[in-house]
Structures are given as C-alpha cells and as structure tokens.
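# Structural overview for review
Here is what each chain is made of, one letter per residue.
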Amino acid sequence: MHKVIRTVLITAAAIAGAAALTVGAAMAVGAFDYHQQPSGPGAPASPRDLVDRSPGLIRPGSLTVDRSIGERRASQEVHLAQQLYTFWNTGEQKYLDAAVSPRFRDNTLPSGRPQGPAGPLFASKNFRAAVPDLTCELADLLVTGDKITARLVFRGHFTGTFHGVHGKGQRIRFDAIDIQHVGTDKIVEDWHIEDNETLLRQLGVTG
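The following paragraphs examine the structure supplied in this document. In this text the structure is predicted, and so the values were computed from the model without any measurement.

With the rule as written, the count across this model stands at six salt bridges. Here Glu77 makes a salt bridge to Arg73, at a shortest N to O gap of 2.7 Å. Placement of the pair is Glu77 and Arg73 together in helix H2 (residues 71-90), with a separation of four residues, close to one helical turn. Judged by its relative accessible area of 0%, Glu77 falls in the buried class. One salt bridge connects Lys147 with Asp146, and the closest N-O pair in it is separated by 3.3 Å. Under the relative-accessibility criterion, Lys147 is labelled partly exposed at 27%. Exposure remark for Asp146: the relative accessible area of 30% places this residue in the partly exposed category.

A word on the side chain of Glu77. A polar contact is formed between the side chain of Glu77 and the side chain of Arg73, at a distance of 2.7 Å. Other than its neighbours up to four places away in sequence, Glu77 contacts Ile69, Val143, Gly145, Asp146, Lys147, Ile148 and Val182.

Attention now goes to the nonpolar core. One finds Leu84, Tyr85, Trp88, Leu141, Leu152 and Phe154 to be the most contacted residues of the largest nonpolar core, which totals 42 residues. Here the element with the most residues in this core is H2; it accounts for eight residues. Setting aside anything within four residues of it in sequence, one finds Leu152 in contact with Tyr85, Cys136, Glu137, Leu138, Phe174, Asp175, Ala176 and Asp178.

To continue, consider unusual backbone geometry. Phi at His163 is positive, roughly 50 degrees, even though this residue is not glycine. With respect to the helices and strands, His163 occurs in the loop between strand E6 (161-162) and strand E7 (165-166). Overall, His163 belongs to the exposed group, its relative accessible area being 72%.

A few words on helix H5 (residues 196-203). Within H5 the residues assigned to the buried category are Thr198, Leu199, Leu200 and Leu203. Downstream of H5 by a residue or two, Gly204 has a phi angle that is positive, lying close to 75 degrees.

This brings us to the side chain of Ser124. With respect to the secondary-structure elements, Ser124 resides in helix H4 (residues 118-130). You can call Ser124 buried: its relative accessible area is 4%.

What follows deals with the packing of H2 against H4. Two measures define how a pair of helices packs: the angle their axes make with one another and the distance between the axes. Closest axis-to-axis distance for the H2/H4 pair is 9 Å, and the angle between their directions is 30 degrees. With respect to each other, H2 and H4 are oriented roughly parallel. In contact with Phe87, Trp88, Asn89 and Thr90 of H2, H4 contributes Pro120, Leu121, Ala123, Ser124 and Arg128. Within the contact of H2 with H4, the residues separate by chemical class into five nonpolar, three polar and one charged.

Rules of the game
- For every chain, the first residue of the written sequence is number 1, and numbering continues from 1 onward in sequence order.
- Restriction of local features to residues with pLDDT of at least 70 applies here, the model being predicted, together with a cutoff of 80 or more for giving and counting side-chain atom pairs; totals for whole chains, interfaces and linings are based on all residues.
- Side-chain numbers come from the whole structure's heavy atoms, not from hydrogens or water.
- Salt bridges are counted wherever a side-chain nitrogen of Lys or Arg sits within 4 Å of a carboxyl oxygen of Asp or Glu.
- Numbered from the N terminus, helices here are DSSP runs of H or I no shorter than four residues, and strands are runs of E no shorter than two.
- For each residue, the accessible area found with a 1.4 Å probe, counting protein chains only, is set against the maximum for its type, and the residue is called buried under 20%, exposed over 50%, and partly exposed in between.
- Identification of polar contacts relies on pairs of N or O atoms within 3.5 Å, with a donor-acceptor requirement for protein atoms, meaning one able to donate a hydrogen and the other able to accept it, and with residues adjacent in sequence counted only if both atoms are side-chain atoms.
- Contacts between residues were defined by any pair of non-hydrogen atoms, one from each residue, lying within 4.5 Å.
- Among buried residues, the Ala, Val, Leu, Ile, Met, Phe, Trp, Tyr and Cys ones that are joined through side-chain atoms within 4.5 Å form a nonpolar core.
- Lines are fitted to the C-alpha atoms to define the axes, a helix being fitted only along its stretch in contact, and any angle between axes, read from their N-to-C directions, falls within 0 to 180 degrees.
- By the definition adopted for this analysis, an angle is roughly parallel if under 35 degrees, roughly antiparallel if over 145, roughly perpendicular if from 65 to 115, and oblique otherwise.
- Throughout this entry, Asp, Glu, Lys and Arg are counted as charged residues, while Ala, Val, Leu, Ile, Met, Phe, Trp, Tyr, Cys and Pro are counted as nonpolar. The remaining residues, Gly among them, count as polar.

Dropping the structure here:
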C-alpha cells in the first residue's frame, strides 16, 4: 500500500510542477499576485478585487491570476473555486451544485466513489462520518486560462468512525492539490491528489 501511495504522491508532485510551469508562462504575459501588487490611485486592478466576500464563502489565502483571460472570466473562475471549496469546508450541497456541471467528470476517481457530482457528495459524507468538524483551507489559488489549481489544507478531529475504527479525537491535518477545468459556466472535470499516507497514519488505519 505504501508503494502505491508513494507513486500517487510522486504524481502529485508532477502535477504541482506542471501547474507551476503554467503559472510561470502566465507571469510572462501578465499574471499578477495580489501579495506583490502596488496599491493606491493609478495602481493596476488587483486579484483581491475578484474575490467574492459574501458571508459564508471561503476566501483564498493567496491568489494568482492570469490577466490575459480578462477580468470577467477571472472573476467567474475565482467565484467557482470559492463555491467548490466552501462545499468541502462545510459539506453543504448547495455550494457544490453552484460550482460543478451536471456533466462533471472526476478524472482521478478513487475506487468505490461514484462518478459525476455524486462523487464529491459521497466523499464528503463519508469523510465527515469520521471527522465531523472537517474544515478545508483554500491556501493557494491559481487561475490560468480555463484551469483552476488549488492547494488545500484539511483539518479536523477523528471523533467518528472510519473503516470500523473509532476515533479518539486525534487531530487530522493533510494537504491536497486540485486542478479544475472550467467550461462555459461551471466546472466540468477535475484531477485531484491527496496526501493519503499522512491521513491514514493520523487515522491509525495504516497497514
């Protein structure tokens, strides 16, 4: 099992590397990161202005946007990411429905998880049975063309049950990387990788 997980983590590193190259290319044509932007009169628009600050919506800790896609498209993609990861942060289906297309496809579908929008619902429900106070931090968000790349940090406490193992309140913290493909108005497919080795060790169910 560890060999499989190591292979998965290597794949994650490759995906992250590819994402970084995409951002690097975008930087050459005018991407911007709000942590590096000047402020004040005459300053260029900042990605922070694209963030929806409606109550309840998760906000990215760091945001980098390819300005070549235009402000309207960039705002749309940032908003979709906020909705999707608010779903993972809360488990509320309305946010998932607002973010993903009915034709959504998971290209890295784990064994036993249904395809389509039912998949994230299934995963969230089962994970929250083990970690009821699960939260999702949208640590980094990169918007490049029709792709959204996100670095996520999941936290909580194992107070429920997972594969027959009853939690004792162990603290849970693990990372994940997502790549989301945005269609005309919603997310249509994704690729994702989670640090399962760390998660299973924290749950105490590693073999």
